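# An overview of the molecular structure
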Amino acid sequence: KHRTFAFFDADTRFEDGIVVIGLSDPAALAILSSRIHVHWCLECGGKRETRPRYNKTETFDPYPFPLISTDAENPEDVARLERLRHLGRRLEQLRARILTSDAAPTLTMLYNHLERRREAIHGDLPLTEAERETHDRLLVPTLMELHDEIDRAALLAYGWDDLISALVPDVGGRPGATLPSEHKNDAQ
């Protein structure tokens, strides 16, 4: 349902249908968790019936990761890469904290809550008191802010600085960051 990426131990066994990618750089986690990659996935990936599917050969293999130099002579690139690494680590740590809490949702449940919050903020039915309490307990507002930071950092990594001021105020925090949404317009 959602395109979520996470780090796992090398000896973890996965069920059929889960795409496993051998990357260990937190910057890659941030890029893959960005709205840019989600948009790519929805446009280029496969479908099962009407549901989008993440397909390694059609979605991951041709994905154009940003070209970021690690050369110390290019301090802007180094800073962008370190920012992405920092955000990737923060994302992994925050989700680990949430997923091992007393509430212990699944990753899918957590992202369902995130998308519900985005929809409520941008025109869908307001959150109920119970939903607000759940979102606060699961740190959903913090997760949403972190994903918005990741989106801004990803735009910078691609050199699309101009899109941050043009799009992010309208796109950041909007529905559809991890799955298709009827509350998302064409500009998003």
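Just so it is clear, the structure is predicted and the values come from calculations on it, not from any experiment.

Rules behind the numbers
- Residues numbered from 1 in each chain as written.
- Predicted model: local features only at pLDDT ≥ 70, side-chain atom pairs only at ≥ 80, totals over all residues.
- Heavy atoms only, no water.
- Helix = DSSP H or I, 4+ residues; strand = E, 2+ residues; numbered from the N terminus.
- Buried < 20%, exposed > 50% of the residue type's maximum accessible area, 1.4 Å probe, protein only.
- Lys, Arg positive; Asp, Glu negative; His and termini not counted.
- Salt bridge = Lys/Arg side-chain N within 4 Å of Asp/Glu carboxyl O.
- Patch = residues over 30% accessible without salt bridge, like charges linked within 9 Å, V, L, I, M, F, W, Y side chains within 5 Å.
- Areas by Shrake-Rupley, 256 points an atom, 1.4 Å probe, with all protein chains shown as cover.
- Axes fitted to C-alpha atoms, helices over the stretch in contact; angles between N-to-C directions.
- Parallel < 35°, antiparallel > 145°, perpendicular 65-115°, else oblique.
- Left-handed = near helix turned anticlockwise from the far one by under 90°.
- Contact = heavy atoms within 4.5 Å.

### Section: the side chain of Asp77
For Asp77, the location among the structural elements is in helix α4 (residues 75–99). No salt bridge is formed by the buried Asp77; the nearest opposite charge belongs to Arg80, separated by 4.0 Å.

### Focus on a nonpolar patch on the surface
A grouping of Phe8, Phe14, Ile18 and Val20 is seen on the molecular surface, where their side chains present a nonpolar patch of about 370 Å² in accessible area. Its place among the elements puts Phe14 in the segment before α1 (26–32). Assessed through its relative accessible area of 32%, Phe14 is described here as partly exposed.

### Observations regarding the packing of α4 against helix α7 (residues 140–157)
Contact pair α4 / α7: the axes reach a minimum separation of 10 Å and the direction vectors enclose 160°. In terms of orientation, α4 and α7 fall into the roughly antiparallel class. You can see that α4 and α7 cross each other, and the crossing is left-handed. Across the interface between the two elements, Arg80, Arg83, Leu84, Leu87, Arg90, Leu91, Leu94 and Arg95 from α4 touch Thr142, Leu143, Leu146, His147, Glu149, Ile150, Ala153, Ala154, Leu156 and Ala157 from α7.

### What to know about the pattern of salt bridges
Going through the model one piece at a time under the given rule, you end up with 13 salt bridges. A salt bridge links Arg90 to Glu149; its shortest N-O distance comes to 3.2 Å. Of this pair, Arg90 sits in helix α4 while Glu149 is found in helix α7, placing the two residues 59 residues apart along the sequence. For Arg90, a relative accessible area of 29% corresponds to the partly exposed category. One network of salt bridges, in which partners are shared, links Asp25, Glu82 and Arg85.

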